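What follows is the residue order along each chain.
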Amino acid sequence: MSDFNKGVAVITGGGSGLGKALAHAAAKRGMKVVLADVNAKALEQTLNELRAQGAEAIGEVLDVTDAAAVEALAKRSEAHFGPANLVFNNAGVASAGLIWESTDQDWDWLLAVNVKGVANGIRAFTPQMLAAASADTAFQGCIVNTASLAGVLTGPAMGLYSVSKHAVMALSECLYHDLSLVTRQVKAAVLSPSYVATNIGQCHRVRPQQWANSEGPTRSQMATASMAQNNLDNGSLTAEQVAEITFAAVEDGRFYIFPTDEMHGLLKHRFECMLDNANPDLPYADYPVLHSRRQRLMEALVD
Ligand SMILES: NC(=O)c1ccc[n+]([C@@H]2O[C@H](COP(=O)([O-])OP(=O)(O)OC[C@H]3O[C@@H](n4cnc5c(N)ncnc54)[C@H](O)[C@@H]3O)[C@@H](O)[C@H]2O)c1
């Protein structure tokens, strides 16, 4: 995929952070933009910014966990602009802390948004992209799912988020394989950023009442949330840089999009442990950030 001019980009979670940056990157390339977000105010602000720059953009306030609403978005988007060329299943939320302290509601919320939200986008948009590819040999499309480095790495007190993002990685690889059975014109890709300064640390603001916790956060959850915020604020790339890297990768037809290679050593080490029949291990001596995170967690857990 090399020429997105006049194409259509659909972005969930487009009101903030990476989604917003992807929307601006799409508009910069002359694409028509369709945004979806559960946060009406953030969505409207991003739409206003895009239109002020001359982009053609429409938006829908929706929750990606609502399959019917995502289906309706796909229909509206196609009716308005034509079939989607790029679909970014990007909306996501986070949670941290000791794995046994994640509540039933935490599991339902994280898996509904991070996993089923992506599956809903795939189910709603793939048929229109395949139909467009059958009708026009020049049509090119790509479905880009936002996973995370937590989709390929595990560590202390990041269990639930890591589980959800591993699912997105598996889902994306399966999508890639399945698409390759039926077309060469519609591809898949998976974006796996490290920490980026966005509003994900405030994602509890869009947590629906049905999945609200009845009790406040535990010690481990408070400690990890504050460390994660610090990591986010000090991320090595901006959301705009990640968006540009993502578009360049999609243009190159690359599936795995790792905007930074700072954690590649950890990834290699993880697979070496598996292949060597060793137990899970993190090379703390080589990664002072991980070492101090572990130390701070252990201190936070002491009575
Ligand atoms: N920021 C990071 O460091 C980082 C790193 C790796 C992966 N990610 C992933 O990037 C994606 C985007 O997150 P971000 O960091 O830009 O966060 P963000 O909070 O700034 O943006 C996420 C957007 O998704 C929206 N959203 C949340 N739940 C939704 C739902 N149910 N339906 C529709 N919209 C919903 C939010 O309102 C928000 O506008 C997420 O999938 C996240 O897991 C982020």
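Being a predicted model, the structure only gives us computed values, none of them experimental.

**As for the site of the ligand**
Step number 1: As a matter of local geometry, the ligand sits amid 29 residues, with Ser16, Asp37, Tyr161, Val196 and Thr198 nearest to it.
Step number 2: One of the backbone N or O atoms of serine 194 is found 3.5 Å from an oxygen atom in the ligand.
Step number 3: In this structure, threonine 198 approaches the ligand through a side-chain N or O atom, which is 2.6 Å from an oxygen atom.
Step number 4: Expressed as a share of its isolated accessible area of 820 Å², the protein-covered part of the ligand is 96%.
Step number 5: Broken down by secondary-structure element, the contributors of at least two residues to the shell around the ligand are helix 1 (17-28) and helix 5 (159-182).

**So, the pattern of salt bridges**
Step number 1: Within the structure shown, the criterion is met by seven salt bridges.
Step number 2: Residue arginine 76 is joined to glutamate 60 by a salt bridge in which the shortest nitrogen-to-oxygen separation is 2.5 Å. Of this pair, arginine 76 sits in helix 3 (residues 67-81) while glutamate 60 sits in strand 3 (residues 57-61), and the two are 16 residues apart along the sequence.
Step number 3: The exposure class assigned to glutamate 60 is partly exposed, which follows from its relative accessible area of 27%.
Step number 4: A salt bridge links aspartate 252 to arginine 254, with the nearest nitrogen and oxygen atoms 3.8 Å apart.
Step number 5: Taken together, the shared-partner salt bridges in this structure form one network comprising Lys28, Arg29, Glu244 and Glu251.

**Looking at the side chain of serine 192**
Step number 1: Tracing the chain through its elements places serine 192 in the loop between strand 6 (186-191) and helix 6 (219-233).
Step number 2: Judged by its relative accessible area of 2%, serine 192 falls in the buried class.
Step number 3: Not counting residues up to four positions away in its chain, the partners in contact with serine 192 are Ala147, Ser148, Leu149, Met169, Ile257, Phe258 and Pro259.

**Let's talk about the packing of helix 6 against helix 9 (residues 288-301)**
Step number 1: At a closest axis distance of 9 Å, the pairing of helix 6 and helix 9 adopts a crossing angle of 150°. Judged on the interaxial angle alone, helix 9 and helix 6 are roughly antiparallel. Between helix 6 and helix 9 lies a crossing of right-handed hand. Where helix 6 approaches helix 9, its residues Arg219, Ser220, Ala223, Thr224, Ser226, Met227 and Asn231 are matched on the opposing element by Val289, Arg293, Arg296, Leu297, Ala300 and Leu301.
Step number 2: Considered class by class, the residues forming the contact of helix 6 with helix 9 number six nonpolar, four polar and three charged.

**Focus on the packing of aromatic side chains**
What describes a pair of aromatic rings is the distance from one ring centre to the other and the angle between the planes of the rings.
Step number 1: Following the criterion strictly, the structure yields four aromatic pairs and no others.
Step number 2: An aromatic cluster of three or more residues is present, and its members are Tyr176, Phe255, Tyr256 and Phe258.

**So, unusual backbone geometry**
Step number 1: We note that alanine 157 has phi near 60°; this positive angle belongs to a residue other than glycine.
Step number 2: With respect to the helices and strands, the residue alanine 157 is situated in the loop between strand 5 (141-146) and helix 5.
Step number 3: Here the phi dihedral of asparagine 277 falls at roughly 60°; this positive angle occurs in a residue that is not glycine.
Step number 4: Examined against the element boundaries, asparagine 277 turns out to sit in the loop between helix 8 (264-275) and helix 9.

**A few points about the pairing of strand 3**
Step number 1: As paired strands, strand 2 (residues 32-37) and strand 3 are joined by five bridges and run parallel to one another. Each bridged residue has a counterpart across the sheet, and for leucine 35 the counterpart in strand 3 is glycine 59.
Step number 2: Following the backbone out of strand 2, through helix 2 (residues 40-52) and into the adjacent parallel strand 3, one traces a crossover that is right-handed.

**Observations regarding the sheet that holds strand 5**
Step number 1: Strand order across the open sheet formed by seven strands is 3-2-1-4-5-6-7, with parallel pairing between neighbours. Two strands bound the open sheet, and with one partner strand each, they are strand 3 and strand 7 (256-257).
Step number 2: Across the sheet, helix 2 is in contact with strand 2 and strand 3; its angle to strand 3 comes to roughly 180°.

**Description of the packing of helix 1 against helix 7 (residues 239-251)**
Step number 1: Interaxial distance between helix 1 and helix 7 falls to 8 Å at its minimum, and their mutual angle equals 55°. Viewed along their axes, helix 1 and helix 7 adopt a mutual orientation that is oblique. Note on packing geometry: the crossing formed by helix 1 with helix 7 is right-handed. In this structure, helix 1 contributes Gly17, Leu18, Ala21, Leu22, Ala25, Ala26 and Lys28 to the contact, and helix 7 contributes Ala239, Glu240, Val242, Ala243, Glu244, Thr246 and Phe247.
Step number 2: For the contact of helix 1 with helix 7, the per-class residue count stands at nine nonpolar, two polar and three charged.

About the thresholds
Residues numbered from 1 in each chain as written. Predicted model: local features only at pLDDT ≥ 70, side-chain atom pairs only at ≥ 80, totals over all residues. Heavy atoms only, no water. Near = heavy atom within 4 Å. Polar contact = N/O pair within 3.5 Å; in protein donor to acceptor, adjacent residues only side chain to side chain. Areas by Shrake-Rupley, 256 points an atom, 1.4 Å probe, with all protein chains shown as cover. Helix = DSSP H or I, 4+ residues; strand = E, 2+ residues; numbered from the N terminus. Salt bridge = Lys/Arg side-chain N within 4 Å of Asp/Glu carboxyl O. Buried < 20%, exposed > 50% of the residue type's maximum accessible area, 1.4 Å probe, protein only. Contact = heavy atoms within 4.5 Å. Axes fitted to C-alpha atoms, helices over the stretch in contact; angles between N-to-C directions. Parallel < 35°, antiparallel > 145°, perpendicular 65-115°, else oblique. Left-handed = near helix turned anticlockwise from the far one by under 90°. Nonpolar A, V, L, I, M, F, W, Y, C, P; charged D, E, K, R; others polar. Phe/Tyr/Trp six-rings, centres within 6.5 Å; stacked < 30°, edge-to-face > 60°. Pairing = 2+ DSSP bridges. Right-handed = clockwise from strand over helix to strand, strands pointing away.

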